[in-house]
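Each chain is listed here by its residues.
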Amino acid sequence: IDVLVRYKVNYLHLHLTDDEGWRIAIDGIPELTSVGAFHSLDWEHALQPSYDGCADPSSKSLSNGFFTREDFLDILKYAWERRIRVIPEVESPGHCRAAIYAMKAYEKRTGDTSMRLQDPADSSIYCGPQGYSDNVMSVELESVYTFMERIFDSLISMFDEAGVPLEAINIGGDEVPEGAWYGRPLHSTFLDRVAGIAKCKGVKIAGWQEIASRADESIAASLKETMFVNYVWNTAWGGHDLPFVNAARGYPTVMSNVEFTYADQAYSSSKLEIAHSWACYTDDTASLGLPVKKTEN
């Protein structure tokens, strides 16, 4: 936050959940952090090791841990005192492995199926870019939206308690693999329901480019009304026009082009590089061109 202040950046997008971890305590659902925020070889009580390979839930590895409610309130207050607005992200309906396994543990402990995230009868076969084949919500379950509403309520209450503005809740929306939902295009089903929840709560939603590019025209008007912004990231393979395509369709858009804004991409193929190269090798001598577009958005 202090570094952002020095550069006069006034938004902090906190990516609080993903396949590998759930990092924010939610009242009444302790499994989200007791299971979803730790890594172990005992997969019933924690998540599988990833990235740093830590399999010890008692380790202080970066794989383990979460923000308590008090931690998060402190972050919100500290940021807002410096006029930085925090945008919390809760990944959905893909990148949900941590949430799915946590809620399975919650259901086993309580017998409560009202917030189930994955249909036990779903035999869809898929594999996401990170290699997961069990990380997508079953968006036709009503319980998915009960869960999402519960999370929205919890986040909203924390912002209210901290006395800081909540600009938007980022719902993710990216990288749902082909084959999920038996190959059916159900993004719009999910987006329509979550946008409805947000509207009822009086908040906006944000998300990655897929929340705009995969939404069908039947929900476009309501989605635009509720959307704070979509972040266009996947431009490395000929998708350079996508930010302008989404903007021209009337969606508020931020350019997050992987070639220019992702700090985890390697500079070269050298074995000494400790970075990723899934999108490109970063050229720090290149600049991001902004073609002039005469558009209302």
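In what follows, the accompanying structure is described. (Residues numbered from 1 in each chain as written. Predicted model: local features only at pLDDT ≥ 70, side-chain atom pairs only at ≥ 80, totals over all residues. Heavy atoms only, no water.)

**So, the pairing of strand S5 (residues 169-172)**
Now for step 1: Of the two faces of S5, the one lined by Ile169 and Ile171 and the one lined by Asn170 and Gly172 are each fully buried.
Now for step 2: One ladder, built from two bridges, connects strand S4 (residues 85-92) with S5; its direction is parallel. Looking across to S5, one finds that Glu89 is bridged to Asn170.
Now for step 3: With two bridges joining them, S5 and strand S6 (residues 205-208) adopt parallel strand pairing. Within the sheet, the bridge partner assigned to Asn170 lies in S6 and is Ala206.
Now for step 4: Following the backbone out of S5, through helix H6 (residues 187-201) and into the adjacent parallel S6, one traces a crossover that is right-handed. (Buried < 20%, exposed > 50% of the residue type's maximum accessible area, 1.4 Å probe, protein only. Helix = DSSP H or I, 4+ residues; strand = E, 2+ residues; numbered from the N terminus. Pairing = 2+ DSSP bridges. Right-handed = clockwise from strand over helix to strand, strands pointing away.)

**Description of the nonpolar core**
Note that soluble globular proteins tend to have their nonpolar side chains buried in a common cluster.
Now for step 1: Trp22, Phe147, Phe152 and Phe190 are the most contacted members of the largest nonpolar core, which totals 68 residues.
Now for step 2: Among the elements that make up this core, the one with the highest residue count is helix H5 (residues 142-162) (11 residues).
Now for step 3: Apart from the residues within four sequence positions on either side, Phe190 is in contact with Ser92, Pro93, Met137, Val139, Val144, Tyr145, Met148 and Ile171. (Core = buried A, V, L, I, M, F, W, Y, C linked by side-chain atoms within 4.5 Å. Contact = heavy atoms within 4.5 Å.)

**A word on the packing of H6 against helix H8 (residues 217-226)**
Now for step 1: Interhelical geometry of H6 versus H8 gives an angle of 40 degrees and a closest axis separation of 10 Å. When the axes of H6 and H8 are compared, the pair comes out oblique. As for how H6 packs across H8, the hand of that crossing is left-handed. When H6 is examined against H8, the residues Ser188, Leu191, Asp192, Ala195, Ala198 and Lys199 are found in contact with a partner set consisting of Ile219, Ser222, Leu223, Glu225 and Thr226.
Now for step 2: Of the residues contributing to the contact of H6 with H8, the split by class is five nonpolar, three polar and three charged. (Axes fitted to C-alpha atoms, helices over the stretch in contact; angles between N-to-C directions. Parallel < 35°, antiparallel > 145°, perpendicular 65-115°, else oblique. Left-handed = near helix turned anticlockwise from the far one by under 90°. Nonpolar A, V, L, I, M, F, W, Y, C, P; charged D, E, K, R; others polar.)

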